[in-house]
Amino acid sequence: MSGQNPVTSTKTWANRWTFLLAAAGSAIGLGNIWKFPYIAGQYGGGAFVMLYLICIAVMGIPLLMAETAIGRHTRHSPLNAIRQLTNELGASKLWSMIGWMGMLAGFLILSFYSVIAGWSLSYAWQIVSGGFTGMTTDQVGDAFGGLVSSADRQIFWHSAFMILTFAITARGIHKGLEKGLQVMMPALFALLLIMLGYSMLETGQFMRGFEFMFSVDFSKVTGEAVTAALGQAFFTLSLGMCALMAYGAYMPANNSIPRTALNVAALDTLMAIVSGLIVFPIVFAYGLEPSAGPGLLFVSLTAAFVHMPMGEIFGFLFFVLVAIAALSSAISLVEPALAWLLERTPLSRTVATIILCAAIWFVGLGTVFAFSGDFTFTLFGKNFFDLLDYFTSNILLPLGGLLISIFAGWVIKRSTMMNELGLSVGMFNLWRAMIRVVVPVCVLVVVITTIF
Ligand code: PHE
């Protein structure tokens, strides 16, 4: 159980906080702050939020535990973890599909994730250099249009973000990460609380925003909303693509997996809810549309920063911290593929990281050009970005989660999981029933209705 991990020079991370920080760093990112409000806005608020919370509780938490436990048990990169287990158990080699799908999902997600994180960097720069000062809300909206219609500007910031990802990943995830995140995550949270204070006290629309998020209109509980909620639950918790399996490989043996999983899920959900409670009151106060789509966070918060005392400073800090939260997620998106390259090829960490990041950067250009209007390809009415987002969040991640739950529940020995999870028999049986039956059935129903 405590074999040397080939990826790092140390067997496990220094202490029990490191795993929590890394896992929370992976989970908390653009999914919470950028994506959650805009999807909730598109699917009618309360109905979506309710479905999303159900998905987190019913599927997210049991799967988080399963992924971490598999990683820690084998202490290998996800693909090799699954290979080792199938060899040990004499199970089908086909299970390694989980690892391949995970690598593909991470690769494709990061390609567009980096473009959006680039928007955040661009906003930080524009705000602090006074680019928005004195603008009306309409002008703030036009400025967003100006950014996304410019391929050059987006490529610049997308490249900057991929270079940062490369710089951190190439040095080994455990070194810089721990210290950095210890400061950045609380800072991001503090800034979110300041913005929450603004939404509560200054917009005059806090209750309207609150009601939008929490009063459920059951006519909005459609199949499409269920699919979107499931996809968002997987995306936001970094599930279904083995990211947490890869991190679990470094988790100290005496850490409690269930407790950590609950903490990660709680922190992640809190961040998303707070983000929604910031965005929607501002949206209503400035006459914006909750269903505005991917620009929602950028336009609404900038409209608020323009009106806030010291808005330039707060705005700068906010968008920098969002980019840093995205960076800690980006590292985990690369990790499964990188860990595999390092175990399977003679490439050095630096070379492997360069190759991977360059390829991801290149695919990201598709998203840039889809936004800028230079790449007009559409399928089922979706452009390149929408297709990638849909295919990864709504199909690849849930399918990966489905396979992982079947693998963890039906293939891996009961005693192995019992040892890793360290739960009482009653709680373990509950977890096992969820992972064997409830998770697969729910995901399957949603995935099948999504595809057909
Ligand atoms: N969970 C991250 C976010 O919410 C995105 C992510 C997805 C990271 C999958 C890793 C794996 O921003």
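On a predicted model such as this, the values are computed, not experimentally measured, just so you know.

Criteria and cut-off values
- Residues numbered from 1 in each chain as written.
- Predicted model: local features only at pLDDT ≥ 70, side-chain atom pairs only at ≥ 80, totals over all residues.
- Heavy atoms only, no water.
- Helix = DSSP H or I, 4+ residues; strand = E, 2+ residues; numbered from the N terminus.
- Rg over C-alpha atoms; globule rule 2.2 N^0.38 Å.
- Buried < 20%, exposed > 50% of the residue type's maximum accessible area, 1.4 Å probe, protein only.
- Contact = heavy atoms within 4.5 Å.
- Phe/Tyr/Trp six-rings, centres within 6.5 Å; stacked < 30°, edge-to-face > 60°.
- Axes fitted to C-alpha atoms, helices over the stretch in contact; angles between N-to-C directions.
- Parallel < 35°, antiparallel > 145°, perpendicular 65-115°, else oblique.
- Left-handed = near helix turned anticlockwise from the far one by under 90°.
- Nonpolar A, V, L, I, M, F, W, Y, C, P; charged D, E, K, R; others polar.
- Near = heavy atom within 4 Å.
- Polar contact = N/O pair within 3.5 Å; in protein donor to acceptor, adjacent residues only side chain to side chain.
- Areas by Shrake-Rupley, 256 points an atom, 1.4 Å probe, with all protein chains shown as cover.
- Salt bridge = Lys/Arg side-chain N within 4 Å of Asp/Glu carboxyl O.
- 1 Å grid on protein atoms, 1.4 Å probe; cavity = no way out; pocket = protein on both sides within 12 Å on 5 of 7 lines; lining within 4 Å.
- Points joined across faces, edges and corners; volume = space filled by probe spheres on them.
- Patch = residues over 30% accessible without salt bridge, like charges linked within 9 Å, V, L, I, M, F, W, Y side chains within 5 Å.
- Expected span 1.5 Å × (residues − 1).
- Bend = angle between axes of the 7 residues up to and from the residue.

Caption draft 1: Representation of the overall build of the chain within the structure. When helices and strands are tallied, the chain shows 18 helices and 2 strands. For 452 residues, the compact-globule estimate of 2.2 N^0.38 gives 22 Å, and the C-alpha radius of gyration of the chain, at 21 Å, lies within 12% of that figure. Per-residue burial for the chain yields a buried fraction of 60% across its 452 residues. Contacts in the chain between residues at least 24 apart in sequence constitute 83% of all its contacts with a sequence separation of at least 6.

Caption draft 2: Broad picture of the packing of aromatic side chains. Scanning the entire structure with this criterion turns up 30 aromatic pairs. Arranged with centres 5.1 Å apart and planes meeting at 65°, the rings of Trp100 and Trp340 form a pair that is edge-to-face. With Trp100 in helix H5 (residues 97-128) and Trp340 in helix H14 (residues 311-344), this residue pair connects regions lying 240 residues apart in the sequence. Exposure remark for Trp100: the relative accessible area of 40% places this residue in the partly exposed category. Consider the rings of Trp119 and Phe144, whose centres lie 5.2 Å apart with planes at 85°: the pair is edge-to-face. One end of the pair, Trp119, is in helix H5; the other, Phe144, is in helix H6 (residues 137-149), with 25 residues separating them in the sequence.

Caption draft 3: View of the packing of H5 against helix H13 (residues 296-307). Between H5 and H13, the least distance of the axes is 12 Å, while the angle of their chain directions is 15°. Between H5 and H13, the interaxial angle falls into the category roughly parallel. Where H5 crosses over H13, the handedness of that crossing is right-handed. Contacts between H5 and H13 involve Ile116, Trp119, Ser120, Tyr123 and Ile127 on the former and, on the latter, Phe298, Thr302 and Phe305. Taken together, the residues of the contact of H5 with H13 sort by class into 6 nonpolar, 2 polar and no charged.

Caption draft 4: Spatial organisation of the site of the ligand. Surveying the vicinity of the ligand reveals 14 residues, the closest of which are Ala27, Gly31, Tyr113, Phe235 and Ser238. Residue Gly31 places a main-chain N or O atom 2.8 Å away from an oxygen atom belonging to the ligand. Ser238 is positioned with one of its side-chain polar atoms (N or O) 3.0 Å from a nitrogen atom of the ligand. In isolation the ligand exposes 320 Å². Once the protein is present, 100% of that is buried.

Caption draft 5: Examining the pattern of salt bridges more closely. Enumeration according to the criterion identifies 4 salt bridges in this entry. Measuring nitrogen to oxygen at the nearest pair gives 2.7 Å for the salt bridge that ties Glu420 to Arg72. In this pair, Glu420 sits in helix H17 (residues 414-421) while Arg72 sits in helix H3 (residues 46-74), placing the two residues 348 residues apart along the sequence. Of the two residues, Glu420 and Arg72, both sit in the buried class.

Caption draft 6: Molecular detail of the layout of surface pockets. Within this model, the largest pocket holds a volume of roughly 420 Å³. Tyr43, Lys382, Asp389, Tyr390 and Asn394 are the residues nearest the centre of the largest pocket, which is lined by 20 residues in total. Going through the elements one at a time, helix H2 (30-42), helix H10 (223-236) and helix H16 (384-411) are the ones with two or more residues in the lining of the largest pocket. Residues of the lining of the largest pocket, tallied by class, amount to 7 nonpolar, 8 polar and 5 charged. Roughly 340 Å³ of volume is contained in the second largest pocket. Around the second largest pocket sit 21 residues that line it, and Met65, Pro258, Leu423, Met427 and Trp431 are the ones nearest its centre. Among the elements of the structure, H3, helix H12 (257-285), H17 and helix H18 (425-451) are those that each provide at least two residues to the lining of the second largest pocket.

Caption draft 7: Spatial organisation of a nonpolar patch on the surface. A cluster of nonpolar residues, Trp125, Val128, Met310, Ile313, Phe316 and Leu317, forms a patch on the protein surface that exposes about 570 Å² of accessible area. Mapped by element, the contributors of at least two residues to the nonpolar patch are H5 and H14. The leading source of residues in the nonpolar patch is H14, at 3 residues. Along the chain, the position of Leu317 falls in helix H14.

Caption draft 8: Local environment of the side chain of Asn32. Along the chain, the position of Asn32 falls in helix H2. Within the structure, Asn32 has its side chain in polar contact with the backbone nitrogen of Gly29 (distance 3.0 Å). If sequence neighbours within four positions are ignored, Asn32 has contacts with Ala27, Pro37, Thr236, Asp268, Met271, Ala272 and Ser275.

Caption draft 9: Geometry of the packing of H12 against H13. Packing of H12 against H13 leaves a shortest axis separation of 9 Å and a crossing angle of 70°. Relative to H13, the element H12 lies roughly perpendicular. Once H12 is placed against H13, the crossing between them reads as left-handed. For the pair H12 and H13, contact is made by Ile278, Val279, Phe280, Ile282 and Val283 and by Leu296, Leu297, Ser300, Leu301 and Ala304, respectively. Residues belonging to the contact of H12 with H13 are distributed by class as follows: 9 nonpolar, 1 polar and no charged.

Caption draft 10: Structural view of H3. In a regular helix each residue adds 1.5 Å, so 29 residues correspond to 42 Å; H3 covers 41 Å between its end C-alpha atoms and thus fits that length. Largest kink in H3: about 40°, centred on Gly60, with the proline Pro62 one to four residues after it. Most of H3 sits inside the fold, with 23 of its 29 residues counted as buried. One or two residues past the end of H3 sits Arg75, with phi positive at roughly 55°.

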